[in-house]
Amino acid sequence: MDTILVTGATGNVGREVVKGLLARGTRVRVSVTDEADTRRAPSGVAEVALFDFTAPETFPAAFDGVARLFLVRPPAIGNVKRDMKPAIDYAVAAGVGHVVFLSLVGAERNRLVPHAKVEKLLQQSGVAWTMLRCGFFMQNLDTTHRADIVEHDDIFIPAGNGRTAFIDVRDIGAVAARVLTEAGHENAAYPLTGSESLTYGEVAEIMTAELGRPITYSDPSPLAFARRMRERGYAGGFINVMNGIYLTTRLGMAATVYPQAAELLGRPPITMRQYVRDHAAAFGR
Ligand SMILES: NC(=O)c1ccc[n+]([C@@H]2O[C@H](COP(=O)([O-])OP(=O)(O)OC[C@H]3O[C@@H](n4cnc5c(N)ncnc54)[C@H](OP(=O)(O)O)[C@@H]3O)[C@@H](O)[C@H]2O)c1
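Worth saying up front: this structure is predicted, and the values here are computed from it rather than measured.

Conventions and cut-offs
- Residues numbered from 1 in each chain as written.
- Predicted model: local features only at pLDDT ≥ 70, side-chain atom pairs only at ≥ 80, totals over all residues.
- Heavy atoms only, no water.
- Core = buried A, V, L, I, M, F, W, Y, C linked by side-chain atoms within 4.5 Å.
- Buried < 20%, exposed > 50% of the residue type's maximum accessible area, 1.4 Å probe, protein only.
- Helix = DSSP H or I, 4+ residues; strand = E, 2+ residues; numbered from the N terminus.
- Contact = heavy atoms within 4.5 Å.
- Salt bridge = Lys/Arg side-chain N within 4 Å of Asp/Glu carboxyl O.
- Phe/Tyr/Trp six-rings, centres within 6.5 Å; stacked < 30°, edge-to-face > 60°.
- Near = heavy atom within 4 Å.
- Polar contact = N/O pair within 3.5 Å; in protein donor to acceptor, adjacent residues only side chain to side chain.
- Areas by Shrake-Rupley, 256 points an atom, 1.4 Å probe, with all protein chains shown as cover.
- Nonpolar A, V, L, I, M, F, W, Y, C, P; charged D, E, K, R; others polar.

### Observations regarding the nonpolar core
Buried together is how nonpolar side chains tend to be arranged in soluble globular proteins. Ranked by internal contacts, the top residues of the largest apolar core, which has 33 residues, are Phe 70, Leu 132 and Leu 192. If you list the elements that add at least two residues to this core, you get strand E1 (3-6), helix H1 (12-23), strand E2 (27-32), strand E5 (98-104), strand E6 (128-134), helix H7 (169-181), strand E8 (188-192) and helix H11 (260-265). Counting residues per element, this core draws most heavily on H7, at seven residues. In contact with Leu 132, other than residues within four places in its own chain, are Phe 70, Val 100, Phe 101, Leu 102, Ser 103, Leu 104, Val 175, Ala 176, Tyr 190 and Leu 192. Grouped together as the second largest cluster of nonpolar side chains are 29 residues, Ile 157, Phe 166, Leu 211 and Met 229 included.

Structure, rendered in structure tokens:
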């Protein structure tokens, strides 16, 4: 059976891709960056390989016998040419036939984002590719923004009244598993969003209804947001990226709902209400 390598397998999306692939009975190899993790294969996973985009000595074992690849750009990697191209080149030379890349909605229109650079590399490499151009993850709320919700009952995001077509990473995992195991998605790009476009004020209303306590949305200035995120230990570069993303949201650039996720899932995408309900414990005091 073909081996599928999932990079970023310990992350938000990779974890869900692994679940989706295992449910389809495929042979999954997951990549981890910590040597200690290579000895702990999650149940059902065939192999765990040590793999680091910036460590070429990890490439041979990671890519050996791999037919298809789920590719995640780690958020900390900004220099795609230096830090991702060597692994992509190696994978293609080693015989990987299809790469499914976790990209960003609008990457085709914004050549400055790292995702656009990865897409270009894949398109020029000769390998079959599929771009999953994802909207904003609902799960950012229970990770990056969780502390404000738990400690202050507040969504503290500088996005104004801009709308966001959020997607649940569980849906991305299900779509990726389908695309990795079925023919017909080669050299296709899918914008993936949920089926609703919400302001953060509306997200706060949903949270209020589902969590049983009032949740507010305060729309801080980018400066106040940066100050708070610095206090929480986030790096300056990451805070700047977040401020940039929330500026585009404020300007209405994250609002478009696309039908492809529903088509590929064969059901409506997970709603914000369902996401909050499923993560109520994470938002509890
Ligand atoms: N957040 C959003 O709303 C959104 C929307 C669209 C697209 N995206 C894109 O999605 C990607 C992030 O996905 P995610 O949230 O699932 O990731 P994540 O939870 O931040 O996890 C990052 C993963 O990358 C691995 N990793 C880190 N450094 C690595 C390296 N040098 N070599 C190999 N693997 C490495 C980590 O492994 P270890 O645990 O072993 O360190 C981890 O599995 C980014 O490219 C982001 O721009 C995000």
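Okay, back to it.
### A closer look at the pattern of salt bridges
All chains considered together, the criterion is met by 22 salt bridges. Taking the shortest distance from any N to any O, the salt bridge between Lys 85 and Asp 89 comes out at 2.8 Å. One end of the pair, Lys 85, and the other, Asp 89, are both in helix H4 (residues 85-93), four residues apart, so they sit about a helical turn from each other. Through salt bridges with shared partners, a single network forms among Glu 108, Arg 109, Glu 119 and Arg 133.

### Some remarks on the packing of aromatic side chains
For the coordinates displayed, the defined rule picks out 14 aromatic pairs. For the pair Phe 59 and Tyr 90, a centre-to-centre distance of 5.7 Å together with 55° between the ring planes defines the contact as tilted. Note that Phe 59 is positioned in helix H2 (residues 59-63) and Tyr 90 in helix H4, a separation of 31 residues in sequence. The exposure class assigned to Phe 59 is buried, which follows from its relative accessible area of 2%. Residue Tyr 90 is classed as partly exposed on the basis of its relative accessible area, which comes to 32%. With centroids separated by 6.3 Å and ring planes inclined at 80°, the aromatic side chains of Tyr 200 and Tyr 246 adopt a geometry described as edge-to-face. One end of the pair, Tyr 200, is in helix H8 (residues 200-211); the other, Tyr 246, is in helix H10 (residues 236-250), and 46 residues separate them in sequence. A single burial state applies to Tyr 200 and to Tyr 246, both of which are buried.

### Looking at the site of the ligand
Taken together, 23 residues sit near the ligand, with Thr 10, Thr 33, Arg 73, His 115 and Asn 140 positioned nearest. A distance of 2.5 Å separates an oxygen atom of the ligand from a polar atom in the side chain of Thr 10. A distance of 3.2 Å separates an oxygen atom of the ligand from a polar backbone atom of Gly 11. Within the complex, the protein chains bury 78% of what would otherwise be the 940 Å² of accessible surface of the ligand. Elements with a contribution of two residues or more to the shell around the ligand: H1 and E5. For the shell around the ligand, the leading source of residues is E5, giving three residues. In terms of residue class, the shell around the ligand is made up of 12 nonpolar, nine polar and two charged.

### Section: the side chain of His 98
Structurally, His 98 can be placed in strand E5. Given a relative accessible area of 5%, His 98 falls into the buried group. Other than its neighbours up to four places away in sequence, His 98 contacts Ala 67, Arg 68, Leu 69, Val 127, Ala 128, Trp 129, Thr 130, Val 179, His 185 and Glu 186.

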